[in-house]
Amino acid sequence: SFSIWSTQTMKSRMSKFLLGACCSLAISAAQAASISLSPSTVNTPPDVFSIDLLINFSDIATSGGAVDITWDPSKLQYNSDFLFDSAFTSRDTSFDVIDFQSTGLLSIGFGTLSSSGISDTTVAGTLGFTSLMVPVDSTIIGLQDSAKWSGFFDAATGAAITVNYTGTTVSAVPLPAALWLMISGLGILGFSSSRKRKL
């Protein structure tokens, strides 16, 4: 009788432990640090566009670090206009890095992030690009820990923070069909008026 009760109790305790462990893993996975890219605006002319650099460190105070942003320079031209967003104030600005290392490689870095103000996804800044893709094509703008400036570290433990990086796929922005119709219509009108003059 005692051994049966003991076995059942152990199973119950083991089940509770496993359930608690699974919940802890789920919570820590939900709070993983992330940096991503998201389309911001399409400007005029239509081949010029903006991409937001978004960060979320889920209340992990970090001693700072940097991210490498990569793209195919034969398809995209970086417009050299990155600025940190004025609302992104939870960083040590004396360590800001905007390092255009080479065509197709930009490093963005910042100093210690406090645990306050970064629990939600925050726009760190915005990058501008011009599409060089003709005909219409798509390409990836990628993200990864910076090879030159290193990744991110936990301020409390000094351990490297695993960051979930999500780049973005962008496509060439073709001229609207209505614009092509207008251009062809103007061409026909011009041709027609020049024929009338000759007659």
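Residues numbered from 1 in each chain as written. Predicted model: local features only at pLDDT ≥ 70, side-chain atom pairs only at ≥ 80, totals over all residues. Heavy atoms only, no water.

Caption draft 1: Structural view of the packing of aromatic side chains. If you walk through the whole model with that rule in mind, you get twelve aromatic pairs. Relative to Phe129, the ring of Trp71 lies with its centre 5.2 Å away and its plane at 75 degrees, an arrangement referred to as edge-to-face. Taken together, the positions of Trp71 in the loop between strand 3 (65–70) and strand 4 (76–78) and Phe129 in strand 8 (residues 122–131) put the pair 58 residues apart, joining distant regions of the chain. Relative to Phe152, the ring of Phe110 lies with its centre 5.5 Å away and its plane at 35 degrees, an arrangement referred to as tilted. Note that Phe110 is positioned in strand 7 (residues 105–110) and Phe152 in the loop between strand 9 (138–145) and strand 10 (163–166), a separation of 42 residues in sequence. Classification of Phe110 by relative accessible area gives buried; the value is 3%. Taken together, the ring pairs connect Phe57, Phe82, Phe84, Phe88, Phe110 and Phe152 into an aromatic cluster. Across from the ring centre of Phe84, 4.3 Å away, lies the NZ or CZ of Arg91, which sits over that ring. (Phe/Tyr/Trp six-rings, centres within 6.5 Å; stacked < 30°, edge-to-face > 60°. Helix = DSSP H or I, 4+ residues; strand = E, 2+ residues; numbered from the N terminus. Buried < 20%, exposed > 50% of the residue type's maximum accessible area, 1.4 Å probe, protein only. Lys NZ or Arg CZ within 6 Å of the ring centre and 35° of its normal.)

Caption draft 2: Looking closely at the side chain of Ser146. Among the secondary structure elements, Ser146 is positioned in the loop between strand 9 and strand 10. For Ser146, a relative accessible area of 5% puts it in the buried group. Other than its neighbours up to four places away in sequence, Ser146 contacts Ala66, Val67, Asp68, Ser107 and Gly151. (Contact = heavy atoms within 4.5 Å.)

Caption draft 3: A look at the pairing of strand 6 (residues 97–102). In terms of strand pairing, strand 6 meets strand 7 through five bridges, oriented antiparallel. Its bridge partner being in strand 7, Phe100 is matched across the sheet by Leu106. Between the end of strand 6 and the start of strand 7, which pair antiparallel, lie two residues, with Gly104 showing a positive phi angle near 95 degrees. (Pairing = 2+ DSSP bridges.)

Caption draft 4: The pattern of salt bridges, seen in detail. One pass over the structure, following the stated rule, counts three salt bridges. The salt bridge partner of Asp137 is Lys75, with a shortest N-O separation of 3.1 Å. Of the two residues, Asp137 is situated in the loop between strand 8 and strand 9 and Lys75 in the loop between strand 3 and strand 4; the sequence distance between them amounts to 62 residues. Residues Arg91 and Asp96 are paired through a salt bridge, measuring 2.9 Å at the closest nitrogen-oxygen approach. On the basis of relative accessible area, Arg91 is assigned to the buried category, the value being 12%. (Salt bridge = Lys/Arg side-chain N within 4 Å of Asp/Glu carboxyl O.)

Caption draft 5: Region of interest: the nonpolar core. Within the largest apolar cluster, 31 residues are counted, with the highest numbers of intra-cluster contacts made by Leu53, Phe57, Ile69, Leu127, Phe129 and Ile141. With four residues, strand 2 (residues 48–56) is the largest single contributor of residues to this core. With residues near it in sequence (within four places) discarded, Leu127 still touches Leu37, Phe49, Ser50, Ile51, Leu53, Ile69, Tyr78, Asp81, Phe82 and Leu106. (Core = buried A, V, L, I, M, F, W, Y, C linked by side-chain atoms within 4.5 Å.)

Caption draft 6: Here's a closer look at the environment of Ser80. Among the secondary structure elements, Ser80 is positioned in the loop between strand 4 and strand 5 (83–84). On the basis of relative accessible area, Ser80 is assigned to the exposed category, the value being 52%. With 48 residues separating them in the primary sequence, Ser80 and Gly128 have C-alpha atoms 7.2 Å apart.

Caption draft 7: The confidence of the model for the chain, seen in detail. Averaged over all residues, the pLDDT of the chain equals 76, while 67% of them reach at least 70. Confidence scores differ between elements of the chain, with helix 1 (residues 2–30) showing the lowest mean pLDDT of 44 and strand 3 the highest of 95. The model gives residues 1–7 a pLDDT under 50, and that stretch makes zero contacts with residues more than four places away or in other chains. Every residue in residues 16–31 is under pLDDT 50, and counting partners more than four places away or in other chains gives three contacts. (pLDDT = per-residue confidence, 0-100.)

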